[in-house]
Amino acid sequence: MFENILDFTLISMLVVFAAVLVAIAVRIVPEYKRLVVFRLGRSIGAQGPGLIFLIPFVDRAIAVDLREDYFDVPPQTCITADNASVSIDFLVYDKVIDPVRSVLEVEDFTGAARGLAITTLRAVVGAMDLDDVLSKRDEINQVLHEKLDQVTDRWGIRIMAVEIREVVPPRAIEEAMTRQMAAERNRRAMVAE
């Protein structure tokens, strides 16, 4: 009887160990992800989608999402060429096009792209007058998009779009613009009478 219990315990432990090995070795990767697999520290490439087999304790996998993503750049104070201070916030849409490079070439591509976006914005706005910054959002979007895409391409990331959400001029200029719009409405009302 004691031998049967020992046999049963040994078999149970082997079954549990085999189940743990299978759980470690088998991964199901959805269509929108890839696994970048490292075998003993060396990259062996991206795998997926579908059923992926890893060698337990030898392979390590990092999941990379291939869907388009975005990050928000909080309001940034920028100085224009004519020394006006404006606050600009915007969104950057990006997508991983090479999962292996997105893991090997940069530690945190979203953080790196955010930092790059902020410095690029300041450089672009710093070369423009306030009137141009307020009226040429599409041009600023395009320049930011091109400059960001040039750098992030080496990381395996493509910048899909850059969209400025809001440009806030200095309070004194905002008040002057409001007075100018009110005067224009009054002038039009007097002409219409």
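To be clear, the structure that these remarks concern was listed above.
Residues numbered from 1 in each chain as written. Predicted model: local features only at pLDDT ≥ 70, side-chain atom pairs only at ≥ 80, totals over all residues. Heavy atoms only, no water.

> Would you explain the overall build of the protein in this entry?
For the protein, the helix and strand inventory stands at six helices and eight strands. Taken against the 2.2 N^0.38 rule, which gives 16 Å for 193 residues, the C-alpha radius of gyration of the protein at 28 Å runs more than 25% over that of a compact globule. Each of the three principal axes of the protein carries a C-alpha extent, and together these read 110 × 35 × 25 Å. Across the 193 residues that make up the protein, the buried fraction comes to 30%. In the protein, the share of contacts with a sequence separation of at least 24, taken over all contacts with a separation of at least 6, comes to 66%. Accessible surface, the protein as shown: approximately 12400 Å² in total, 57% of it carbon and sulfur. Across the protein, the 22 positively charged side chains and the 29 negatively charged ones have centroids separated by 1 Å. (Helix = DSSP H or I, 4+ residues; strand = E, 2+ residues; numbered from the N terminus. Rg over C-alpha atoms; globule rule 2.2 N^0.38 Å. Buried < 20%, exposed > 50% of the residue type's maximum accessible area, 1.4 Å probe, protein only. Contact = heavy atoms within 4.5 Å. Areas by Shrake-Rupley, 256 points an atom, 1.4 Å probe, with all protein chains shown as cover. Lys, Arg positive; Asp, Glu negative; His and termini not counted. Charge placed at Lys NZ, Arg CZ, Asp CG, Glu CD.)

> So what exactly am I meant to see when it comes to the nonpolar core here?
For soluble globular proteins, the rule of thumb is that nonpolar side chains tend to be buried together. Judged by nonpolar contacts, the single largest core of 34 residues is most densely connected at Ile 88, Phe 90, Val 92, Leu 121, Val 133 and Ile 140. Elements that contribute at least two residues to this core include exactly strand 2 (33-39), strand 6 (69-79), strand 7 (85-96), helix 3 (109-126), helix 4 (130-135), helix 5 (137-152) and strand 8 (157-168). Core analysis: the second largest hydrophobic core is formed by six residues, Val 29, Val 37, Ile 52 and Leu 54 among them. (Core = buried A, V, L, I, M, F, W, Y, C linked by side-chain atoms within 4.5 Å.)

> Whenever I open this one, the sheet that holds strand 2 confuses me. Can you help?
Strands in a sheet are paired, the pairing made by backbone hydrogen bonds, and the direction either parallel or antiparallel. Taken in spatial order, the three strands of this open sheet run 3-2-5, and their pairing is antiparallel. The open sheet has two edge strands, strand 3 (42-47) and strand 5 (59-65), and neither has a second partner. On average, each strand axis in the sheet is tilted by 25° relative to the strand beside it, whichever way the strands run. Across seven bridges, strand 2 lies against strand 5 in antiparallel orientation. (Pairing = 2+ DSSP bridges. Axes fitted to C-alpha atoms, helices over the stretch in contact; angles between N-to-C directions.)

> How should the packing of helix 3 against helix 5 be read in this particular structure?
The angle between the axes and the distance between the axes are what describe a pair of packed helices. In contact at an axis separation of 10 Å, helix 3 and helix 5 are set at 135° when each is read in the N-to-C sense. The angle between helix 3 and helix 5 falls in the class oblique. The two elements helix 3 and helix 5 cross, and the hand of that crossing is right-handed. Each of Ala 113, Leu 116, Ala 117, Thr 120, Leu 121 and Val 124 in helix 3 lies in contact with helix 5, whose residues at this interface are Ile 140, Val 143, Leu 144, Lys 147, Leu 148, Val 151 and Thr 152. (Parallel < 35°, antiparallel > 145°, perpendicular 65-115°, else oblique. Left-handed = near helix turned anticlockwise from the far one by under 90°.)

> Help me understand the environment of Gln 150 in this model?
Relative to the helices and strands, Gln 150 is located in helix 5. By relative accessible area, Gln 150 is classed as exposed at 61%. Sequence separation between Gln 150 and Ala 18 is 132 residues, and the spatial gap between their C-alpha atoms is 48 Å.

> Honestly, helix 5 in this entry has me stumped. Any pointers?
It helps to recall that an α-helix has 3.6 residues per turn; residues three or four apart then point in one direction. Here helix 5 spans 22 Å end to end across 16 residues, near enough to the 22 Å set by a 1.5 Å rise per residue. Buried within helix 5 are the following residues: Ile 140, Asn 141, Leu 144, His 145, Leu 148, Val 151 and Thr 152. Down the axis of helix 5, the sector holding all buried residues measures 140°, keeping them to one side. Facing away from the buried surface of helix 5 by more than 90 degrees, the exposed residues are Asp 138 and Gln 150. Check the buried side of helix 5 and you find it contacts strand 7, helix 3, helix 4 and strand 8. (Expected span 1.5 Å × (residues − 1). Arc of directions from axis to C-beta.)

> Looking at this structure, how should I read the pattern of salt bridges?
Any two side chains of opposite charge can pair, so long as their charged atoms come close to each other. Enumeration according to the criterion identifies six salt bridges in this entry. Measuring nitrogen to oxygen at the nearest pair gives 2.7 Å for the salt bridge that ties Asp 65 to Arg 67. Classification of Asp 65 as partly exposed rests on a relative accessible area of 28%. With relative accessibility at 45%, the residue Arg 67 sits in the partly exposed group. For Arg 165, the salt bridge goes to Asp 89, with nearest N and O atoms at 3.2 Å. Pair noted here: Arg 165 is in strand 8 and Asp 89 is in strand 7, with a separation of 76 residues, a long-range link. Residue classification places Arg 165 among the partly exposed positions, given a relative accessible area of 43%. Exposure remark for Asp 89: the relative accessible area of 9% places this residue in the buried category. Beyond isolated ion pairs, a larger network of salt bridges with shared partners links Asp 72, Asp 89 and Arg 165. (Salt bridge = Lys/Arg side-chain N within 4 Å of Asp/Glu carboxyl O.)

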